[in-house]
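Residue strings, one per chain:
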Amino acid sequence: MNPIIKAENLSFSYPGDEESKPVKALRGVSFEIPEGSFTAILGHNGSGKSTLAKLLCMVNLPDSGRLWVAGREITAPDATERDILEARRDVGMVFQNPDNQIVATIVEEDVAFGCENLGIPPAEIRERVDAALAAVGMSEYARKQTYNLSGGQKQRVAIAGTIAMNRRCVIFDESTAMLDPMGRREVMDIIAKLNREQGVTVLLITHHMNEAAAADRIIVMNQGQIYLDGSPREVFGKPAAMWAAGLDVPQTTELAYKLRQKGLDVPLYLFDAESCAEAVAEAVRRRSGKSAGGGKTGS
Amino acid sequence: MNAIELKNVTFTYGKHMPGAVPALDDVSIQVKSGGITGLIGHTGSGKSTLVQMLNGLLKPDSGTVLLDGIDIWAEPKKIREVRFKAGLVMQYPEYQLFAETAAEDIAFGPRNMGLEGEELDRRVREAARFAGLSEEILGKSPFDLSGGQKRRVALAGVIAMSPKILILDEPAAGLDPEGRRDILGGVKRFSRESGTTVLIVSHSMEDMAMYCDDVIVMAHAKILMHRPTAEVFSRAEELAAVGLDVPLITRVAAALRKNGVDIGLDVYTVDYAADKILGML
């Protein structure tokens, strides 16, 4: 599959001033994101995740290195402002704070806002907005006021905006951080659906290890570089490395790790309660069976 | 004595508007002195309204708010003193830093209380210690600090006022796991060493499970339950019914019981679960 994003040796520093030195936020980052994939990006605060996101949606341009978005090299020496504007149309972003990205007072007007800026004909905007609201399960709120919505609903409206604009890739920058558990579930369900049913490439920046476990792939950033890169199974299979980078693993993995230290054979990569519990129960039975058979007080 | 007591508190925003519904509907709670209490509830359940009742930012339409047994609205002119007594750390407090150095920012509150000189200095240093801020950080501009450090400066600014009650609204939102441990660990140390009553509002069930002695659950402007942490999280179905959740490890315990390995349902930390499972072997 063609990569929608390809990064080669990206570096970026925030400029310093009289008092502070420049901060190297990214130091030579390379990766490819296949179109239609679902990638989580983890890393402690200051690890370079958000800087990377800003490069990928072209808010900032890298100091050095090469970046391709949807087949165009935006770092090419002959790339124009126009090329970058074109490339930006393919990548959308949903931020952390729901209140920072709702611009209109009526839900459907908010969803239409981006399309209007793209100069799409009104009849087509109507169709796109209706379809986008249906995709996030907010059709019945189309004519409602945006300020009355819950945080989760506002995030879904923001996602609908990216769908209406036909974004091929959407970056979610801690989009669930401010939501209650139900809001978080709603938004995570919509993100998964967006990826699965509409084929949109998803990049999910998060501090929630359970959310990252839902992705196909996890990239872990540390000190401006890629620290780990693999499937959730591979990445969370190295709990000690995650802890060393100031991160966590899902509680199911942590439990398995602690049980394995005492010789119970439970896999580290079961991320939902049911499969983890089944494996633990199985391991407990195996162990108890063995000790009973070993001549201890069996029943 | 109860550090916090609400008796039949009712409050409605814009109560003269048609269709106004109460944000707090006949709410009564009692929070004992010296512990860490969690406050959870879905968006719009009334948590933030309740919190603003405690330091007199909002006044109940009816009912009484007592801190240390004293009705805070008995003498409305003295409400400013209540605000020194109940320190509130709001959401994303790092946006409220403004002084030239972290130390100056921390000193702002206690200075407004009339403290100066050595006492002021002592308060700042002690608060910084609880918040895990080094001497070096104290001299820096807030703009040069990381998000987690800024958040801890804001926390220290409230601790430095030596509140009797410390209220934190989503203290760890947006922080990475280490940042969460730093700030919540600091709050716990502060509460244990100083005996200050702490109330934490959060959507993170895992954090609540790790740091709170008891948990108040709000739903639809009412108190659904107020019980010890283990008991609250053992009632997973009731929590789910009001849009809340239990920690993943609590769900593992429930699933284990279905698979014939019963370690109880009052499981809310990984260490406890692991010990229980290993104890069965």
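Residues numbered from 1 in each chain as written. Chains lettered and ligands numbered in written order. Predicted model: local features only at pLDDT ≥ 70, side-chain atom pairs only at ≥ 80, totals over all residues. Heavy atoms only, no water.

1. Observations concerning the overall build of chain B
Quick reminder of the rule: Starting at the N terminus, helices and strands are each numbered in turn, a helix being any DSSP run of H or I of at least four residues and a strand any DSSP run of E of at least two. For a compact globule the rule gives 2.2 Å times the number of residues to the power 0.38, and the radius of gyration it is set against comes from C-alpha atoms. Under the scheme applied here, a residue whose accessible area is under 20% of the maximum for its type counts as buried, over 50% as exposed, and between as partly exposed, the area being computed with a 1.4 Å probe on protein chains only. Only heavy atoms matter for contacts: two residues are in contact if any of them lie within 4.5 Å across the pair. Only the protein chains shown count as cover for residues, and all accessible areas are computed by the Shrake-Rupley method using a 1.4 Å probe. His is not counted, nor are the chain ends; Lys and Arg add positive charge and Asp and Glu add negative charge. Here the site of a charge means atom NZ of a Lys, CZ of an Arg, CG of an Asp or CD of a Glu.
From N to C terminus, chain B includes 12 helices and 10 strands. For chain B, the C-alpha radius of gyration of 20 Å lies close to 19 Å, the compact-globule estimate for 281 residues. The principal-axis extents of the C-alpha atoms in chain B amount to approximately 65 × 50 × 35 Å. Of all 281 residues assigned to chain B, the portion counted as buried reaches 56%. A separation threshold of at least 6 residues defines the contact pool for chain B, and within that pool the share at least 24 residues apart is 63%. Of the roughly 12,300 Å² that chain B leaves accessible, carbon and sulfur atoms contribute 51%. Put simply, chain B has 32 plus and 38 minus side-chain charges, and the middle of one group is 3 Å from the middle of the other.

2. Focus: the domain arrangement of chain A
Bring the parts together and some accessible area is lost; that lost area is often taken as the interface size. Residues and elements named next belong to chain A. Defined as follows: Here the limits of each domain have been adopted from an automatic or database domain assignment. Buried area is calculated as the accessible area (1.4 Å probe) missing from two parts once they are joined, with the contributions of both summed. Salt bridge, as used here, is a side-chain nitrogen of Lys or Arg placed within 4 Å of a carboxyl oxygen of Asp or Glu. We define a polar contact as two N or O atoms separated by no more than 3.5 Å, with the added condition that, inside protein, one atom must be a possible hydrogen donor and the other a possible acceptor, whereas residues neighbouring each other in sequence contribute only through side-chain atom pairs.
In terms of domains, chain A is made up of domain 1 (3-249) and domain 2 (250-292). Measuring from the centre of the C-alpha atoms in domain 1 to the corresponding centre in domain 2 gives 35 Å. Counting the surface lost from both domain 1 and domain 2, the interface buries some 840 Å², and carbon and sulfur atoms represent 76% of this. The largest share of the area that domain 1 buries against domain 2 comes from Arg233, Trp243 and Val249, three residues that together contribute 51% of it. At the boundary of domain 1 and domain 2, one finds zero salt bridges. Along the contact surface separating domain 1 from domain 2 lie one residue pair in polar contact (both at pLDDT 80 or more).

3. Regarding helix H6 (residues 147-159) of chain B
All names here are of chain B. Under the convention used in this document: Helix span, as expected, comes to 1.5 Å for every residue beyond the first.
The first and last C-alpha atoms of H6 sit 19 Å apart over 13 residues, in line with the 18 Å expected at 1.5 Å per residue. Taking burial as the measure, the 13 residues of H6 include 11 buried ones, the bulk of the element. Turning to H6, its buried residues are Gly148, Gln149, Arg151, Arg152, Val153, Ala154, Leu155, Ala156, Gly157, Val158 and Ile159. Along its buried surface, H6 packs onto strand E6 (86-89), helix H3 (102-112), helix H4 (117-130), helix H5 (135-138), strand E7 (165-169) and helix H7 (177-194).

4. Some thoughts on the packing of helix H10 (residues 251-261) of chain A against helix H11 (residues 248-258) of chain B
Selection criterion: Axes, fitted as lines to C-alpha atoms, cover a helix only where it is in contact. Angles between the N-to-C directions of the axes lie from 0 to 180 degrees. Small angles under 35 degrees read as roughly parallel and large ones over 145 as roughly antiparallel, with 65 to 115 read as roughly perpendicular and the rest as oblique. Amino acid classes used here: Ala, Val, Leu, Ile, Met, Phe, Trp, Tyr, Cys and Pro are nonpolar; Asp, Glu, Lys and Arg are charged; the rest, including Gly, are polar.
At a minimum axis distance of 8 Å, the contact between H10 of chain A and H11 of chain B shows a crossing angle of 65°. As the angle between them shows, H10 of chain A and H11 of chain B are arranged roughly perpendicular. Along the contact surface, H10 of chain A presents Gln251, Thr252 and Leu255 of chain A, while H11 of chain B presents Leu248, Ile249 and Val252 of chain B. Grouping the amino acids of the contact of H10 of chain A with H11 of chain B by side-chain chemistry returns four nonpolar, two polar and no charged.

5. A look at the pattern of salt bridges
Counted by the stated rule, this structure contains 40 salt bridges over all chains. Measuring nitrogen to oxygen at the nearest pair gives 2.6 Å for the salt bridge that ties Lys154 of chain A to Asp99 of chain A. One end of the pair, Lys154 of chain A, is in helix H5 (residues 151-164); the other, Asp99 of chain A, is in the loop between strand E6 (91-94) and helix H3 (107-117), with 55 residues separating them in the sequence. Residue class for Asp99 of chain A comes out exposed when judged on its relative accessible area of 51%. Among the ionic pairs, Asp121 of chain B bridges to Arg125 of chain B, the shortest N-O distance being 3.3 Å.

6. A look at the confidence of the model for chain A
The cut-off we apply is this: Scored between 0 and 100, pLDDT is the confidence that the predictor attaches to each residue.
The predicted model of chain A averages 91 in pLDDT, with 96% of residues at 70 or higher. Note that residues 293-299 of chain A has pLDDT below 50 and, in this model, two contacts with residues that lie over four places away or in other chains.

7. A short note on the sheet that holds strand E8 (residues 197-201) of chain B
All names here are of chain B. The condition is simple: Pairing between two strands is assigned when DSSP locates at least 2 bridges connecting them.
Reading across from one edge, E6-E7-E8-E3-E9-E10 is the order of the six strands in this open sheet, with mixed pairing throughout. If you trace the sheet from one side to the other, it starts and ends with E6 and strand E10 (222-228), each paired once. Neighbour to neighbour, the strand axes of the sheet diverge by 20° on average, direction disregarded. Both strand E9 (residues 214-219) and E10 contribute to a ladder of six bridges, which runs antiparallel.

8. Focus: the environment of Ser204 of chain B
All names here are of chain B. Tracing the backbone shows Ser204 in the loop between E8 and helix H8 (205-211). Accessibility expressed as a relative area gives 9% for Ser204, which makes it buried. For the pair Ser204 and Leu256, spaced 52 residues apart in sequence, the C-alpha separation works out to 23 Å. Polar contacts involving the side chain of Ser204 include one to the main-chain amide nitrogen of Asp207, which spans 3.1 Å.

9. Some remarks on the interface of chain B and chain A
Contact residues are listed per partner, giving 33 residues for chain B and 38 residues for chain A. Summed over both sides, the interface of chain B with chain A buries roughly 3,100 Å², with 64% coming from carbon and sulfur. Counting across the chain B and chain A interface gives three salt bridges. Asp248 of chain A is the salt-bridge partner of Arg181 of chain B, the closest N and O atoms lying 3.6 Å from each other. Inspection of the region where chain B meets chain A yields 10 residue pairs in polar contact (both at pLDDT 80 or more). For the side of chain B that touches chain A, the secondary structure elements donating two or more residues are H7, H8, H11 and helix H12 (270-279) of chain B.

10. Details of the side chain of Arg180 of chain B
Residues and elements named next belong to chain B. Within the element layout of this structure, Arg180 appears in helix H7. Note on Arg180: relative accessible area 14%, which makes it buried. Ignoring anything within four residues of it in the chain, the contact list for Arg180 reads Ala172, Leu175, Gly185, Ser204 and Asp207.

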